[in-house]
Amino acid sequence: MTADLTHGGALDAMRAAYPDAPEPWIDLSTGINPWPYPDNSISEAALAHLPTRALYEACRQSMAKAIGAQPDALLLAPGSELLIRLLPDVIGLRRVAILSPTYGDHAVVWRRAGAQVIESPDPLRLADQVDGVVVTHPNNPDGRIFEAEALEAVRAILGAKGGWLIIDEAYSDLVPDRSFSGWGGADGVIVLRSFGKFFGLAGVRLGALVAPQSFRAALADRLGGWPVSGAALEIGARAYADERWQNATRANLKAAAARLDCILREGGLTPAGGTSLFRYVEITDAHSVFERLARAGIYVRRFAWSATHLRIGLPARDEAEQRLANALSP
């Protein structure tokens, strides 16, 4: 599988594959906010010293307040991707139902751990047949939203037999009123959170999970004494406390997504879902559109499992929007 099919973001591989494409490349493949949180300064102490417990707590308290979780139920980590990969080591599930399509690493890590994986567009209905259900909410790539009543019913079924409902909320900062982070600490549910996507600072490597104490303790033991860098803790504490920026950003992203929808429709692509950080489109020959855009120096997300879908992130500037519109024009 080529690098661009794995996750997106492989801009170096794209440059090598399309050496004649015009520069600068426009990377719309990752679904990361192209307008990152601006106050990303860090102190000398954050670089020169080991992270202190006080700094960890400041970030945890700030994040918990922002996402509506109980601070004591929150465990910080260097990104949610690592947490996804550590889950099978902590909870040895034998049979797992995973939403499909969704973020591909969920199925990868559980299969690698020896679990039987059932990928389904409706994994909730399989709760009585499995000991684990994994959903992404809002879903990547189609933006699907789950209702609280449906997830609570699944959590109850799984919890009664020692199973787990795992909710990946990597994009839930976009719709905070629909988050399930407030469930943290309840039996049978684990909520994963990501900092980098909404705040546009993926390189900071900050994530978290909300889960019962026994699970948090087992995972904390695997993460070690200094799981998150001082730089990430400083930036995270500041960004999560900045409600004004968060509210303004949600409005700006919604407006940008609306502009992108117009560009896509005028270019013959039909938005079929997504979030305000990316649009999910359906088209007869998605890979040929991918090629056309790549030759124009525009990198979008294609999928190994579909020849009829693309995911397209937000262009950061007017010029980038115009280049995308020109590349899609007949």
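Below or above, wherever it landed, is the structure these notes cover.

This part is about the sheet that holds strand S5 (residues 132-136). What the seven strands build is an open sheet, ordered S2-S8-S7-S6-S5-S3-S4; its pairing is mixed. Strands with a single pairing partner mark the edges of an open sheet, and in this sheet they are strand S2 (74-77) and strand S4 (116-120). Strand-to-strand twist in this sheet, taken as the mean axis angle between neighbours without regard to direction, amounts to 20°. Against the sheet, helix H4 (residues 53-67) makes contact with S2, strand S7 (189-194) and strand S8 (207-210), and its axis sits at roughly 120° relative to S2, the strand it touches most. This element, helix H6 (residues 105-112), spans strand S3 (95-99), S4, S5, strand S6 (164-169) and S7 of the sheet and lies at about 160° to S4.

Moving on: the side chain of Arg 155. When you line up the elements, Arg 155 lands in helix H7 (residues 148-160). Judged by relative accessible area, which is 16%, Arg 155 ranks as buried. Only 2.6 Å separates the side chain of Arg 155 from the backbone oxygen of Asp 187, close enough to count as a polar contact.

On to the pattern of salt bridges. Close approach of charged atoms lets side chains of opposite charge pair. The full count for this structure, using the stated rule, is 17 salt bridges. In this structure, Asp 131 engages Arg 94 in a salt bridge whose closest nitrogen and oxygen atoms are separated by 3.6 Å. In this pair, Asp 131 sits in the loop between S4 and S5 while Arg 94 sits in the loop between helix H5 (80-90) and S3, placing the two residues 37 residues apart along the sequence. For Asp 131, a relative accessible area of 10% translates into the label buried. For Arg 111, the salt bridge is made with Glu 119, and the minimal N-O distance between the two is 2.9 Å. Connected through shared salt-bridge partners, Arg 53, Glu 57 and Arg 60 make up one network.

The rules behind the values
Residues numbered from 1 in each chain as written. Predicted model: local features only at pLDDT ≥ 70, side-chain atom pairs only at ≥ 80, totals over all residues. Heavy atoms only, no water. Pairing = 2+ DSSP bridges. Helix = DSSP H or I, 4+ residues; strand = E, 2+ residues; numbered from the N terminus. Axes fitted to C-alpha atoms, helices over the stretch in contact; angles between N-to-C directions. Contact = heavy atoms within 4.5 Å. Buried < 20%, exposed > 50% of the residue type's maximum accessible area, 1.4 Å probe, protein only. Polar contact = N/O pair within 3.5 Å; in protein donor to acceptor, adjacent residues only side chain to side chain. Salt bridge = Lys/Arg side-chain N within 4 Å of Asp/Glu carboxyl O.

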